[in-house]
Amino acid sequence: MGYDIDSMDSNAIFNIGMYSREGFSSTGRKITVFDTTLRDGEQSPGIKFSPEEKHKIAYMLEDMGVDIIEAGFPAVSSDEFSIIKSVNSTATRAKICALARCNDGDIYSAINSGVNYIHIFIATSDIHLKNKLKISREEALKKIEHSINIAKDAGLYVEFSAEDATRTDMDFLIRAFKTAEVSGANKVNIPDTVGIMNPISMRNIVSRIKQNIDIPVSVHCHNDFGLATANTIFGVEGGASQVQVTVNGIGERAGNASLEEVVTGLAAFMNAKTNIDFSKIYNISQAVSRFSGMEIQKNKAIVGENAFSHEAGIHVNGIINSPATYEAINPEFVGRQRTIVIGKHSGRSSIEWILNKNGIKCSEDEVKYILEEIKSYNGKEAFDEDRVINLARNIIKIRGD
């Protein structure tokens, strides 16, 4: 189920005001979602998904409408090869992709895994060429051509990535992508490998590449400066037609661009079309958190525990009267529910909301008493809805009703 803001009441979903879409010209475009949770996400230190977990995540990604699932890196191990082959055999709609370096062994491993989509990469920055690969620029170009030729001869759809693209000399980056295009690549990807871009720079680099090649451009952003989501969205503004993301933004170091943030941001700010069923975002977020052992920070956008929770009295009063006062997104749209949290910042509105919800009638003085009890509570345990109800019922018992 794709999301199309034109067929829905956007004001019932996004409460973002008149200025939020200013400056975006690439509105209404269809964007491909390439998820790399099973590959780049699993490269987070300490994460290892079991075969069963990989299958479950792949199923959930496909079910929510992800277009391309990067299932792994087949040359890593025989187990990795087997799970990629298995995931590929069970997928029904999404394209299953395998990663390969620009070397024959990697590419043949991907071919033998049975996938029809290969993601080939080589580093292009002088930092990587000199210190990691220890080859010249010209040698890198030859490897690009040779590797893509092998994959194309095998009938695969080829996406080529220039690793560390955002620290690569622009003229050479264009040469690398032109070499990939001429060699038969179907798409190129611009990775911000160490997360050093800002949104304006990301838009500009994508725009420059788009001016020099005729095949689609993708972006892959890391979060080292906390800008992965913004950089990805601005990459689309620059002309990218595909985003590479991970669920919950998991990935190496500070992680990758977060699937849930990117697709929701594209829909809200650019009216971009995707095949994503937004109502399934929260469930897959929770599943990936369990399987990875990585807790979701409470204040994380879209999927964090606090994203749609309200405690401060003035906020709760506004939410009760009109959710748009303090919510930029309708929580049901992304599979969430709003929560009223009870604590020292609560006001009368919170207490009255809970009592009315549970059919309990208390006087103004009784509500005031309950609120005073809550504000004087110094324990660490949450003062939840049940405790409010019990306080109210004890008051009712005392007055003899």
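Quick notes on the rules
Residues numbered from 1 in each chain as written. Predicted model: local features only at pLDDT ≥ 70, side-chain atom pairs only at ≥ 80, totals over all residues. Heavy atoms only, no water. Helix = DSSP H or I, 4+ residues; strand = E, 2+ residues; numbered from the N terminus. Buried < 20%, exposed > 50% of the residue type's maximum accessible area, 1.4 Å probe, protein only. Contact = heavy atoms within 4.5 Å. Areas by Shrake-Rupley, 256 points an atom, 1.4 Å probe, with all protein chains shown as cover. Lys, Arg positive; Asp, Glu negative; His and termini not counted. Charge placed at Lys NZ, Arg CZ, Asp CG, Glu CD. Pairing = 2+ DSSP bridges. Axes fitted to C-alpha atoms, helices over the stretch in contact; angles between N-to-C directions. Expected span 1.5 Å × (residues − 1). Polar contact = N/O pair within 3.5 Å; in protein donor to acceptor, adjacent residues only side chain to side chain. Salt bridge = Lys/Arg side-chain N within 4 Å of Asp/Glu carboxyl O. Left-handed = near helix turned anticlockwise from the far one by under 90°. Nonpolar A, V, L, I, M, F, W, Y, C, P; charged D, E, K, R; others polar. Parallel < 35°, antiparallel > 145°, perpendicular 65-115°, else oblique. Right-handed = clockwise from strand over helix to strand, strands pointing away.

1. Some points on the overall build of the protein
Here is step 1 of the chain: From N to C terminus, the protein includes 14 helices and 10 strands.
Here is step 2 of the chain: Over its C-alpha atoms, taken along the principal directions, the protein stretches across nearly 85 × 45 × 40 Å.
Here is step 3 of the chain: Across the 401 residues that make up the protein, the buried fraction comes to 52%.
Here is step 4 of the chain: Of all intrachain contacts in the protein linking residues separated by at least 6 positions in sequence, the fraction that spans at least 24 positions is 72%.
Here is step 5 of the chain: By element, 48% of the accessible surface of the protein is carried by carbon and sulfur atoms, the whole surface being about 18,100 Å².
Here is step 6 of the chain: In the protein, 44 positive and 52 negative side-chain charges are present, and the distance between their average locations comes to 1 Å.

2. What about the sheet that holds strand 1 (residues 32-35)?
Here is step 1 of the chain: The strand order around the closed barrel built from 8 strands is 1-2-3-4-5-6-7-8, with neighbouring strands paired in parallel fashion. The average undirected angle you get between the axes of adjacent strands in this sheet is 25°.
Here is step 2 of the chain: Pairing between strand 5 (residues 157-163) and strand 6 (residues 187-192): 3 bridges, direction parallel. If you follow Phe 160 over to strand 6, its bridge partner there is Val 188.
Here is step 3 of the chain: This element, helix 5 (residues 137-153), spans strand 4 (117-123) and strand 5 of the sheet and lies at about 170° to strand 4.

3. Some thoughts on helix 1 (residues 51-64)
Here is step 1 of the chain: Along its 14 residues, helix 1 runs 20 Å from first to last C-alpha, staying within 8% of the 20 Å computed at 1.5 Å per residue.
Here is step 2 of the chain: Here the buried face of helix 1 lies against strand 1, strand 2 (68-72), helix 2 (78-90), helix 9 (259-270) and helix 10 (281-292).
Here is step 3 of the chain: Phi for Gly 65, located one or two positions after helix 1, is positive at around 105°.

4. A short note on the side chain of Lys 273
Here is step 1 of the chain: Secondary-structure assignment places Lys 273 in the loop between helix 9 and helix 10.
Here is step 2 of the chain: Reaching out from Lys 273, the side chain makes a polar contact with the backbone oxygen of Asn 271 at a distance of 3.4 Å.

5. Here we look at the pattern of salt bridges
Here is step 1 of the chain: Within the structure shown, the criterion is met by 18 salt bridges.
Here is step 2 of the chain: Of the charged contacts, one joins Arg 137 and Asp 126 as a salt bridge, the two residues approaching to 2.9 Å between their closest N and O atoms. Pair noted here: Arg 137 is in helix 5 and Asp 126 is in helix 4 (residues 126-133), with a separation of 11 residues, a long-range link.
Here is step 3 of the chain: Residue class for Arg 137 comes out partly exposed when judged on its relative accessible area of 29%.

6. Thoughts on helix 11 (residues 313-321)
Here is step 1 of the chain: All buried positions along helix 11 are accounted for by Gly 313, Val 316, Gly 318 and Ile 319.
Here is step 2 of the chain: On the buried face of helix 11, the contacting elements are strand 9 (309-310), strand 10 (339-340) and helix 12 (348-357).

7. Comments concerning the packing of helix 7 (residues 199-212) against helix 8 (residues 228-237)
Here is step 1 of the chain: Put simply, helix 7 and helix 8 touch, their axes get as near as 7 Å, and they point 35° apart. Where helix 7 crosses over helix 8, the two elements pack in a sense that is right-handed. Taking contact as the criterion, the partners of Pro 199, Ile 200, Met 202, Arg 203 and Val 206 in helix 7 are, on helix 8, Ala 230, Asn 231, Phe 234, Gly 235 and Glu 237.
Here is step 2 of the chain: Each residue belonging to the contact of helix 7 with helix 8 can be placed in one class, and the counts come to 6 nonpolar, 2 polar and 2 charged.

8. Observations concerning the packing of helix 8 against helix 9
How two helices pack is summed up by the angle between their axes together with the distance between the axes.
Here is step 1 of the chain: Contact pair helix 8 / helix 9: the axes reach a minimum separation of 10 Å and the direction vectors enclose 50°. It follows that helix 8 is oblique to helix 9 by the angle criterion. When you trace helix 8 past helix 9, the crossing you get is right-handed. On the side of helix 8, the interface is formed by Thr 229, Thr 232, Ile 233, Val 236 and Glu 237, while helix 9 contributes Glu 261, Val 262, Gly 265, Leu 266 and Met 270.
Here is step 2 of the chain: Of the residues that constitute the contact of helix 8 with helix 9, the class distribution is 5 nonpolar, 3 polar and 2 charged.

9. Brief notes about the side chain of Ser 285
Here is step 1 of the chain: For Ser 285, the position within the fold is in helix 10.
Here is step 2 of the chain: Residue Ser 285 is classed as buried on the basis of its relative accessible area, which comes to 0%.
Here is step 3 of the chain: Leave out the neighbours within four places in its chain, and Ser 285 touches Val 247, Asn 248, Ile 296 and Val 303.

10. Structural notes on the environment of Thr 32
Here is step 1 of the chain: On the secondary structure map, Thr 32 appears in strand 1.
Here is step 2 of the chain: Judged by its relative accessible area of 25%, Thr 32 falls in the partly exposed class.
Here is step 3 of the chain: Residues Thr 32 and Thr 90, 58 residues apart in the sequence, show an inter-C-alpha distance of 21 Å.
Here is step 4 of the chain: When near neighbours in sequence (up to four residues on either side) are disregarded, Thr 32 contacts Asp 67, Ile 68, Ser 241, Gln 242 and Val 243.

11. Digging into the pairing of strand 2
Here is step 1 of the chain: With 5 of its 5 residues buried, strand 2 lies for the most part within the structure.
Here is step 2 of the chain: In the sheet, strand 1 pairs with strand 2 via 2 bridges, with the strands oriented parallel. By the bridge assignment, Phe 34 is partnered in strand 2 with Ile 68.
Here is step 3 of the chain: As for the winding sense of the linkage, the β-α-β connection from strand 1 through helix 1 to strand 2 is right-handed.
Here is step 4 of the chain: When strand 2 meets strand 3 (residues 95-101), the two strands line up parallel, connected through 4 bridges.

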